[in-house]
Amino acid sequence: MNEKNMQNVRNVDVLIVGGGPAGLAAALRLWEKGIRNILLVEREKRLGGILRQCIHDGFGLARFGESLSGPEYAGRFTEKLEEYGIPFLTDAAVYQITPEKIVTVVTKKGLLTFQTKAVILAMGCRERTQGALAIPGERPAGVFTAGTAQAYMNLYNRMPAREVVILGSGDIGLIMARRLTLEGAHVHAVFEIQPYPSGLARNLQQCLRDYGIPLYLSHTVTEIHGSSRLEGVTVSEVDEHLRPVPGTEQYIACDTLILSAGLIPENELSLEAGVILDPRTKGAVVDEHLQTSVPGIYAAGNVLHVHDLADYVSEEAELLADAVVSGLQENDAQEEKIPIRAGEGIHHTVPQKTGGREPFLLSFRVTRPMQDVEIVVRLADQVLLRKRRKRVVPAEMLRFPIQPFLNAVQKSGEAEVESPSEYRNRAAQESPSGYRNRAAQESPSRHRNRAAQESIPENRNRTEDGMCEENSDRPAQEIVVEIRKIMPDEGFGKEVE
Amino acid sequence: MTVSGREPCTKGNRLQTTAERVRTLTCIICPNGCEIRAENKAGEKEAADWRFEGALCPRGEKYALQEMTDPRRTIATSAAVRGGEEPLVSLRLTEPIPLGCVREAAEEIHRYTLIAPIHAGDVVIRNLLGLGSDVIATRTVKAAVKAVQACTVREEMS
Ligand SMILES: Cc1cc2nc3c(=O)[nH]c(=O)nc-3n(C[C@H](O)[C@H](O)[C@H](O)COP(=O)(O)OP(=O)(O)OC[C@H]3O[C@@H](n4cnc5c(N)ncnc54)[C@H](O)[C@@H]3O)c2cc1C
Ligand code: SF4
């Protein structure tokens, strides 16, 4: 950056990228906590994010106790934003974030540059298109994603379809099946390549069954007909390896094929800032404060991992804002984190690591539908959470609060007080030899880091079956989240959530 | 604001006696989507005559009883807007209506074009099809030009 530009750099404490439910909730919470030098930047003309086009109801049940449409839900936040007078820019896209947290924004009037103390990533997600349709070649007009159809109808008042086939059973596709039907289109069917639906059960009921729209599992579109405009599709059954079964082809005449293959976090900016991504969530790797691998850069909402409920997005962003506030005040050095691993039956977790000294919300999804299961979160022998569920599905994000399991952060000079279980846990990890003496001379934070490192050999010998862990690239200490089926003879008690 | 002038919809398939004794429902009240098995003991529609299994909370049983005797839904749709900053406004119902009337309700709403400005929460159609539910705007659409008339509703095709 040259001299001239430097002079135009403005200072803001916290810059929020994106004005969807995540960005809005973060801004409000920061403001309420007294952080006033903040700026929210949104690239669209209006605030509200993707909710502006989600006109169906079902938002806000968890938060406001009533069923609102997307625009109403967003409205609750934007009204407050204006009432507080929180500074925001619209029609302004964040173009670059550097690891030093210098943020460049493109506006119609030119570039703006900000030096920030913290950046909140809240860019949301985009729709998956690649792989949604494994058919090479040109696409005739009439093939588009569910979100595009939603925008046409709900933002621009254009009816894009008459005879419709939907590929993929994601929630947006299901919701569009209903919307198109009520607008007078004919939705032939929804085809899903997997043997189970990817949308929520309630949407299968109220968007498909209510209108008699059939859902075919283990089916996909194998051919597209038409040159300039879509004329029809061929659908086929697939086998357990998701390969089309010859002889099952079926032709359906239609003018529109809607792809609903799920969402993917939008992280180009994060990558440039040096943020490390999780290949499973496609969002940033974060700790219990939702802080990314770059100190001072945080992420929440769909940019971090795909949510099915906006209510949870808002809540996550508020927790993030709380962490930013303490981060700004304490500015403490990064402590050692314990990795959290998605074990048997778990697709991914958020966060992916934690210091273990503060409560946090653990979110995850399962890899496949299961019944009568037990979810266990453990650190070596210590069980941090054990929950039973009658039924779990990948479409539903599971969330559980996890309590601190290491002693809370100590102010230096204060005596350490541990609960008996913490003591036991620590005692199990530490070798008795002269450790206490040494610990006494060290500052609490050094002590903690050391405890984590020193437990390596002990931990290795302590896997459940008493076997020595062979896998050397696995960290010495890790939290494992796993799910297992409860056997009939174990019974299924009243503990169900 | 307009009171919908058409005949009340009578397609609500209100159940008098249950032909169907057992059915598995999906609760749509919250994202858990519990599967509820509903069984009717006496063939009547009072709560005491039903047995429900599988609901994780009491709201589910309430839903299941409603669903078995008088299924209802709300809908969200939109209407074209004249003279606004946006070409349309999103709408929803204030109360659920009988499932059998949903399509007709959507058609009825589509007969209207609204004139900006419209405020979120404005009632744009009262007592839709005589079903006891109002249609309200779910977002604000400001007038594009200064001198457009105040909030009025025009029934286009009548
Ligand atoms: C097409 C679509 C339909 C959906 N439908 C539903 C639904 O029906 N129900 C439901 O519960 N969930 C739905 N979702 C999920 C929904 O996105 C989340 O519930 C919620 O809106 C996520 O909030 P967010 O703030 O994380 O992201 P978003 O709401 O996506 O907001 C992100 C915002 O960031 C802005 N932005 C991105 N990059 C930049 C940049 N570089 N500079 C400035 N601003 C930027 C975007 O313009 C956007 O406004 C849908 C998602 C999509 C993509
Ligand atoms: S029964 Fe209760 S928990 Fe289950 S889906 Fe219905 S409202 Fe949700």
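**Some thoughts on the overall build of chain A**
Link 1 in the chain: Along the backbone of chain A there are 13 helices and 27 strands.
Link 2 in the chain: The buried share among the 497 residues of chain A stands at 52%.
Link 3 in the chain: In chain A, 61% of the contacts between residues at least 6 apart in sequence involve partners at least 24 apart.
Link 4 in the chain: Of the accessible surface of chain A, which amounts to about 23,000 Å², a share of 49% is contributed by carbon and sulfur atoms.

**Quick notes on the pattern of salt bridges**
Link 1 in the chain: All chains considered together, the criterion is met by 33 salt bridges over all chains.
Link 2 in the chain: Of the charged contacts, one joins Arg126(B) and Asp134(B) as a salt bridge, the two residues approaching to 3.1 Å between their closest N and O atoms.

**Examining the side chain of Ser133(B)**
Residue and element names in this part refer to chain B.
Link 1 in the chain: With respect to the element layout, Ser 133 can be found in the loop between strand S10 (123-126) and strand S11 (135-137).
Link 2 in the chain: When its relative accessible area of 0% is taken as the criterion, Ser 133 is described as buried.
Link 3 in the chain: Within polar-contact distance, the side chain of Ser 133 engages the backbone oxygen of Glu 95 at 2.8 Å.

**So, the site of ligand 1**
All names here are of chain A.
Link 1 in the chain: Near ligand 1 you find 34 residues, and of these Ala 22, Glu 42, His 56, Val 94 and Asn 302 are the closest.
Link 2 in the chain: His 56 is positioned such that a nitrogen or oxygen atom in its side chain is 2.7 Å from an oxygen atom of ligand 1.
Link 3 in the chain: Contact between ligand 1 and Asn 302: an oxygen atom at 2.8 Å from a main-chain N or O atom of the residue.
Link 4 in the chain: Protein contact buries 94% of the 970 Å² of open area that ligand 1 shows by itself.
Link 5 in the chain: If you list the elements that add at least two residues to the shell around ligand 1, you get helix H2 (21-32), strand S6 (93-97), helix H5 (146-155), helix H6 (171-182) and helix H9 (310-330).
Link 6 in the chain: Here the residues of the shell around ligand 1 sort into 19 nonpolar, 11 polar and four charged.
Link 7 in the chain: Residue assignment places the shell around ligand 1 across two domains, with domain 1 (3-126 + 264-333) and domain 2 (129-261) each supplying three or more.

**Details of empty space enclosed by the protein**
Link 1 in the chain: Inspection of every chain in the model, using the stated rule, returns two cavities of 30 Å³ or more.
Link 2 in the chain: Quantified by volume, the second largest cavity comes out at close to 90 Å³.
Link 3 in the chain: For the second largest cavity, the full set of lining residues is Ile55(A), His56(A), Asp57(A), Asn154(A), Ile175(A), Arg178(A), Arg179(A), Leu182(A), Thr74(B), Ile75(B) and Ala76(B).
Link 4 in the chain: Sort the elements by how many residues they give to the lining of the second largest cavity and H6(A) lands first, with four residues.
Link 5 in the chain: When its residues are assigned to classes, the lining of the second largest cavity shows five nonpolar, three polar and three charged.
Link 6 in the chain: Both of domain 1 (3-126 + 264-333) and domain 2 (129-261) of chain A provide at least three residues apiece to the lining of the second largest cavity.

**Remarks on the pairing of strand S17 (residues 256-259) of chain A**
Residues and elements named next belong to chain A.
Link 1 in the chain: Here S17 shows a buried face lined by Thr 256 and Ile 258 and a second buried face lined by Leu 257 and Leu 259.
Link 2 in the chain: With three bridges connecting them, strand S10 (residues 143-145) and S17 associate as parallel partners. Bridged to Val 143 within S17 is Leu 257.
Link 3 in the chain: Alignment of strand S11 (residues 163-167) against S17, held across four bridges, turns out to be parallel. Following the sheet pairing, Val 164 is matched in S17 by Thr 256.

**Remarks on the sheet that holds strand S21 (residues 346-350) of chain A**
All names here are of chain A.
Link 1 in the chain: Ordered by their spatial adjacency, three strands build an open sheet running S21-S23-S26, and the pairing between neighbours is antiparallel. If you trace the sheet from one side to the other, it starts and ends with S21 and strand S26 (398-402), each paired once. Each neighbouring strand pair of the sheet contributes to a mean axis angle of 25 degrees, computed without reference to strand direction.
Link 2 in the chain: Note: S21 against strand S23 (residues 360-366), four bridges, orientation antiparallel. From the neighbouring strand, Val 350 faces S23, where its bridge partner is Ser 363.

**What about a nonpolar patch on the surface?**
Residue and element names in this part refer to chain A.
Link 1 in the chain: Taken together, the side chains of Tyr 95, Val 106 and Leu 111 make up a nonpolar region of the molecular surface, amounting to roughly 310 Å² of accessible area.
Link 2 in the chain: Assignment of secondary structure puts Leu 111 in strand S8 (residues 110-121).
Link 3 in the chain: Among the residues examined, Leu 111 registers a relative accessible area of 57% and is labelled exposed.

**Regarding the confidence of the model for chain A**
Link 1 in the chain: Overall, the predicted model of chain A reaches an average pLDDT of 84, with 81% of residues at or above 70.
Link 2 in the chain: Counting interchain partners and residues more than four positions distant, the pLDDT-below-50 stretch residues 408-472 of chain A has 71 contacts.

**Some thoughts on the interface of chain B and chain A**
Link 1 in the chain: Listed per partner, the contact involves 33 residues of chain B and 33 residues of chain A.
Link 2 in the chain: Of the roughly 2,700 Å² buried between chain B and chain A, counting both surfaces, carbon and sulfur atoms make up 49%.
Link 3 in the chain: Where chain B meets chain A, there are four salt bridges.
Link 4 in the chain: Ionic pairing is found between Glu72(A) and Arg92(B), a salt bridge with its closest N-O pair at 2.7 Å.
Link 5 in the chain: Inspection of the region where chain B meets chain A yields 14 residue pairs in polar contact (both at pLDDT 80 or more).

**What to know about the environment of Gln150(A)**
Residues and elements named next belong to chain A.
Link 1 in the chain: With respect to the helices, strands and loops of the structure, Gln 150 is situated in helix H5.
Link 2 in the chain: According to the relative accessible area criterion, Gln 150 is buried, its value standing at 4%.
Link 3 in the chain: Put simply, Gln 150 and Leu 180 are 30 residues apart on the chain and 9.3 Å apart in space, counted from C-alpha to C-alpha.
Link 4 in the chain: Residue contacts for Gln 150: discarding those within four places in its chain leaves Gln 53, Cys 54, His 56, Leu 155, Ile 172, Ile 175 and Met 176.

**Re the packing of H6(A) against helix H7 (residues 201-208) of chain A**
Angle between the axes and distance between the axes: these two values describe a pair of packed helices.
Residues and elements named next belong to chain A.
Link 1 in the chain: As a packed pair, H6 and H7 sit with axes 8 Å apart at the nearest point and diverge in direction by 20 degrees. The orientation of H6 relative to H7 falls into the category roughly parallel. Taken as a pair, H6 and H7 cross one another with a handedness that is left-handed. Along the contact surface, H6 presents Asp 171, Leu 174, Ile 175, Ala 177 and Arg 178, while H7 presents Asn 203, Leu 204, Gln 206, Cys 207 and Leu 208.

**Some points on helix H2 (residues 102-109) of chain B**
In an α-helix, one turn spans 3.6 residues, which is why side chains three or four residues apart end up on the same side.
Link 1 in the chain: Counting buried positions over the eight residues of H2(B) gives six, a clear majority of the element.
Link 2 in the chain: Every buried residue of H2(B) is listed here: Val102(B), Glu104(B), Ala105(B), Ala106(B), Glu108(B) and Ile109(B).

**What about the confidence of the model for chain B?**
Residues and elements named next belong to chain B.
Link 1 in the chain: Counting all residues, the mean pLDDT for chain B is 82, and 75% of those residues have values of 70 or more.
Link 2 in the chain: Predicted confidence for residues 14-18 stays below pLDDT 50, and this span has 12 contacts to residues more than four positions away or in other chains.
Link 3 in the chain: Per-residue pLDDT stays below 50 along residues 147-158; that stretch engages in 28 contacts with residues further than four places along the chain or on separate chains.
Link 4 in the chain: The ipTM value of the predicted complex is 0.83, and its pTM value is 0.81.

**So, the domain arrangement of chain B**
Link 1 in the chain: The assigned domain composition of chain B is domain 1 (18-70) and domain 2 (76-147).
Link 2 in the chain: Computed over C-alpha atoms only, the centres of domain 1 of chain B and domain 2 of chain B are separated by 32 Å.

**Side note on the packing of aromatic side chains**
Link 1 in the chain: Tallying each qualifying case throughout the model produces eight aromatic pairs over all chains.
Link 2 in the chain: When the centroid spacing of 6.4 Å and the interplanar angle of 45 degrees are considered together, the rings of Phe59(A) and Tyr73(A) count as tilted. Taken as a pair, Phe59(A) in strand S3 (residues 57-59) and Tyr73(A) in helix H4 (residues 70-84) lie far apart in primary sequence, 14 residues in all.
Link 3 in the chain: Classification of Phe59(A) as buried rests on a relative accessible area of 11%.
Link 4 in the chain: Where Trp50(B) meets Phe52(B), the ring centres are 5.9 Å apart and the plane angle is 5 degrees; that geometry is what we call stacked.
Link 5 in the chain: By relative accessible area, which is 5% here, Trp50(B) ends up buried.
Link 6 in the chain: Residue Phe52(B) is classed as buried on the basis of its relative accessible area, which comes to 16%.
Link 7 in the chain: Through a chain of ring-to-ring contacts, the aromatic side chains of Phe59(A), Phe64(A), Tyr73(A) and Phe77(A) assemble into a single cluster.

Calculation rules
- Residues numbered from 1 in each chain as written.
- Chains lettered and ligands numbered in written order.
- Predicted model: local features only at pLDDT ≥ 70, side-chain atom pairs only at ≥ 80, totals over all residues.
- Heavy atoms only, no water.
- Helix = DSSP H or I, 4+ residues; strand = E, 2+ residues; numbered from the N terminus.
- Buried < 20%, exposed > 50% of the residue type's maximum accessible area, 1.4 Å probe, protein only.
- Contact = heavy atoms within 4.5 Å.
- Areas by Shrake-Rupley, 256 points an atom, 1.4 Å probe, with all protein chains shown as cover.
- Salt bridge = Lys/Arg side-chain N within 4 Å of Asp/Glu carboxyl O.
- Polar contact = N/O pair within 3.5 Å; in protein donor to acceptor, adjacent residues only side chain to side chain.
- Near = heavy atom within 4 Å.
- Nonpolar A, V, L, I, M, F, W, Y, C, P; charged D, E, K, R; others polar.
- Domains from an automatic or database assignment.
- 1 Å grid on protein atoms, 1.4 Å probe; cavity = no way out; pocket = protein on both sides within 12 Å on 5 of 7 lines; lining within 4 Å.
- Points joined across faces, edges and corners; volume = space filled by probe spheres on them.
- Pairing = 2+ DSSP bridges.
- Axes fitted to C-alpha atoms, helices over the stretch in contact; angles between N-to-C directions.
- Patch = residues over 30% accessible without salt bridge, like charges linked within 9 Å, V, L, I, M, F, W, Y side chains within 5 Å.
- pLDDT = per-residue confidence, 0-100.
- Buried area = accessible area lost by both parts, 1.4 Å probe.
- Parallel < 35°, antiparallel > 145°, perpendicular 65-115°, else oblique.
- Left-handed = near helix turned anticlockwise from the far one by under 90°.
- Phe/Tyr/Trp six-rings, centres within 6.5 Å; stacked < 30°, edge-to-face > 60°.

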